[in-house]
Amino acid sequence: MSEKFMVKPMRWGFVGASHIAERVIPALRKVPGQEPVAVCSRSAVRAREFATALGLQASYTDLAAFLKEGRFDAVYVSSTNEQHCAQTLAALEAGCHVMCEKPIAMNLPDARRMVEAAQRAGRVLGTNHHLRAQAAHRLMREIVAAGGIGRLHGVQVSHAVFLPPHLQGWRLDAPGAGGGVVLDILVHDADLLRYLAGAEPRRISTHVQHNGLARGALEDGAMSVIEFEGGVLAQTHESFVAQHAATRLHLLGTEGSLYAVGSLSQAGTARLWQRDAQGERELEVPPVDLYETGFRAFAAACAGQGAPLATGADGLRSMAVALAGLASAASGRAEAITF
Ligand code: NDP
C-alpha cells in the first residue's frame with residue numbers, strides 16, 4: 001500500500017484471547033504509535049497466558065473493569081461472533097474506537113445498533129475484512145473501475161480451504177456462536193465482491209453441504225450465486241474440507257479478464273494475470289501484511305484521516321449477505337438481501 005498515513009499514538013485493548021488476536025498484535029505493533037496493552041477473556045488462566053505470550057501489561061475477565069482501567073483509545077473485538085455486538089457497544093460506550101471481527105453481529109438489528117452507536121459516540125467502527133488490503137484485490141478493483149476489462153459481468157470465487165485442526169472448535173459445532181462456513185467465509189467473499197464490483201448485492205441463492213467435519217446442522221461447504229445491482233453475477237464456493245486447494249478469483253469483463261491465485265489466503269501473497277486482446281500477462285503484486293495494512297488505515301481513520309478499509313456499515317452489509325445465504329439454503333429459494 002502506497003498511502004502514507006499520519007497516525008496518533010493509541011492504547012489498545014483486546015477482547016478475546018483468540019488465535020486471530022495472536023496474529024493481529026504483532027501486525028499492530030508494526031504501525032507507529034500503536035500500543036497493545038491488555039486482554040479480556042472469559043477465563044483468567046487463558047487471559048494470563050495470552051498476556052504473557054503476547055507481551056501485554058494486563059489481563060482481565062471482567063469487561064467493565066477492563067474498559068474502565070485500561071484507558072484504551074481503541075479496542076479490537078475478536079471473541080466468538082455472538083459476543084461481538086454487546087462487547088462493541090460496551091467499548092463504544094467507554095469512548096473507544098472499535099475494530100470488530102466479522103461477522104460484526106448475528107442479526108441485522110444488532111449490527112444496526114453497533115453502527116448507530118459508533119455514529120452517536122463519534123467513534124470509528126471498523127470491520128476486519130482483511131482481504132481489502134490484498135494488493136491483488138486493490139489492483140483488480142482499480143482496473144475494473146477504469147474499464148480495463150470492459151464491463152464486469154461475472155465473478156467466480158473459489159474460497160475452499162481446509163480448516164486447520166487448531167480452529168476446529170466452535171466453528172464446527174456451535175450454531176449459537178455463529179459457526180459454519182457461511183458466517184465464517186462467505187461473509188469475507190461478500191465484502192470482497194462489493195469492494196471489487198463497486199456495486200451492492202441484491203439477491204442470493206445458496207446451497208450448503210455437510211461433509212462430516214462440521215457437526216449437527218452446521219454446514220462445512222457452500223456454493224452461492226449472488227446477483228448485484230447493474231447485473232453482475234457472482235458464483236462463490238466456500239469450504240472447510242478442501243485439502244491442498246489454492247484459492248482462485250476470476251473477474252470476467254466484456255473486454256478481458258483478471259485471474260488471481262492465492263489472493264484469498266491470510267498470507268498476503270498472490271499471483272495475478274490479465275488477459276485481453278493483447279494476450280495474457282502477469283501483473284506484479286507485492287506481498288502485503290494484510291492485518292498491518294488494515295490496522296494502519298484504521299489508526300489513520302481514528303486520527304481523522306479517511307476511513308477504515310471496511311467500515312462498520314460494510315460489516316453490516318457483508319453479514320446481511322451471509323444471513324440471506326443461510327435463509328436461501330433453508331428455504332430452497334433465492335432470497336433478497338436487505339440492509
Ligand atoms: P478462536 O477460537 O481462536 O477464539 C475465539 C474465542 O474462543 C476466544 O476469544 C476465546 O475466548 C475462546 N478460546 C480460544 N482458545 C480457546 C481454548 N483453547 N479453549 C477454549 N476457548 C478458547 O477464534 P478465532 O481467532 O479463529 O476467531 C475469533 C473471531 O475472529 C471470530 O469472530 C472470527 O470470525 C474472526 N476471525 C477473523 C479473521 C480475519 O482474518 N478477519 C480470521 C480468523 C478469525 P475467551 O476470549 O473468552 O478466552
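Structure shown above.
Just so you know, these numbers come straight off a predicted model, no measurement behind them.

### Side note on the overall build of the chain
From N to C terminus, the chain includes 10 helices and 15 strands. The C-alpha atoms of the chain give a radius of gyration of 20 Å, which matches the 20 Å a tight globule of 339 residues would have. Dimensions of the chain, computed from C-alpha atoms along their principal axes, come out at roughly 60 × 45 × 40 Å. The buried share of the chain, reckoned over its 339 residues, is 55%. Within the chain, contacts between residues at least 6 apart in sequence are counted, and of these 67% link residues at least 24 apart. Here the chain has roughly 14200 Å² of accessible surface; of this, 51% comes from carbon and sulfur atoms. For the chain, the distance from the average position of its 32 positive side-chain charges to the average position of its 32 negative side-chain charges is 3 Å.

### What to know about the site of the ligand
By nearness alone, 24 residues border the ligand, and His19, Ser41, Arg46, Asn81 and Tyr291 come closest of all. Contacts to the ligand include Glu101, whose side-chain N or O atom sits 3.0 Å from a nitrogen atom. For the ligand, an oxygen atom lies 2.8 Å from a polar atom in the side chain of Trp170. Isolated, the ligand exposes 880 Å² of accessible area, and the fraction of that covered by the protein chains is 81%. Comparing atom positions with the cavity grids shows the ligand to sit within the largest pocket. Mapped by element, the contributors of at least two residues to the shell around the ligand are α1 (19–29), α7 (170–173) and α8 (181–197). Considered class by class, the residues forming the shell around the ligand number 5 nonpolar, 13 polar and 6 charged.

### Section: the side chain of Glu219
Inspection of the secondary structure assignment puts Glu219 in the loop between β8 (201–209) and β9 (221–228). For the buried residue Glu219, which engages in no salt bridge, the nearest side chain bearing the opposite charge is Arg171, 10 Å off. Here Val181 takes part through its backbone nitrogen, which lies 3.0 Å from a polar atom of the side chain of Glu219. Engagement of the side chain of Glu219 in a polar contact is seen with the backbone nitrogen of Val182, the distance being 2.9 Å.

### Section: the sheet that holds strand β6 (residues 125–127)
With parallel pairing, 6 strands are arranged side by side in an open sheet as β3-β2-β1-β4-β5-β6. Taken across any chain shown, the strands that pair with only one partner, and hence form the sheet edges, are β3 (58–60) and β6. Each neighbouring strand pair of the sheet contributes to a mean axis angle of 25°, computed without reference to strand direction. For strand β2 (residues 34–40) and β3, the ladder comprises 3 bridges, and the chain directions are parallel.

### Side note on the layout of surface pockets
If you add up the space inside the largest pocket, you get close to 1200 Å³. If you tally residues by element for the lining of the largest pocket, the top one is α1, at 4 residues. Classifying every residue of the lining of the largest pocket by side-chain character gives 16 nonpolar, 21 polar and 8 charged.

### Observations concerning unusual backbone geometry
Cis geometry marks the peptide bond from Lys102 to Pro103; its omega dihedral reads -15°. Inspection of the secondary structure puts Pro103 in the loop between β5 (97–100) and α5 (108–121). Although it is not a glycine, Arg71 sits at a positive phi angle of roughly 50°. You can see Arg71 is positioned in the loop between α3 (63–70) and β4 (74–77). Assessed through its relative accessible area of 58%, Arg71 is described here as exposed.

What counts, and at which threshold
Residues numbered from 1 in each chain as written. Predicted model: local features only at pLDDT ≥ 70, side-chain atom pairs only at ≥ 80, totals over all residues. Heavy atoms only, no water. Helix = DSSP H or I, 4+ residues; strand = E, 2+ residues; numbered from the N terminus. Rg over C-alpha atoms; globule rule 2.2 N^0.38 Å. Buried < 20%, exposed > 50% of the residue type's maximum accessible area, 1.4 Å probe, protein only. Contact = heavy atoms within 4.5 Å. Areas by Shrake-Rupley, 256 points an atom, 1.4 Å probe, with all protein chains shown as cover. Lys, Arg positive; Asp, Glu negative; His and termini not counted. Charge placed at Lys NZ, Arg CZ, Asp CG, Glu CD. Near = heavy atom within 4 Å. Polar contact = N/O pair within 3.5 Å; in protein donor to acceptor, adjacent residues only side chain to side chain. 1 Å grid on protein atoms, 1.4 Å probe; cavity = no way out; pocket = protein on both sides within 12 Å on 5 of 7 lines; lining within 4 Å. Sits in = over half its atoms within 2 Å of the grid points. Nonpolar A, V, L, I, M, F, W, Y, C, P; charged D, E, K, R; others polar. Salt bridge = Lys/Arg side-chain N within 4 Å of Asp/Glu carboxyl O. Pairing = 2+ DSSP bridges. Axes fitted to C-alpha atoms, helices over the stretch in contact; angles between N-to-C directions. Points joined across faces, edges and corners; volume = space filled by probe spheres on them.

So yeah, pure geometry; function would need other evidence.
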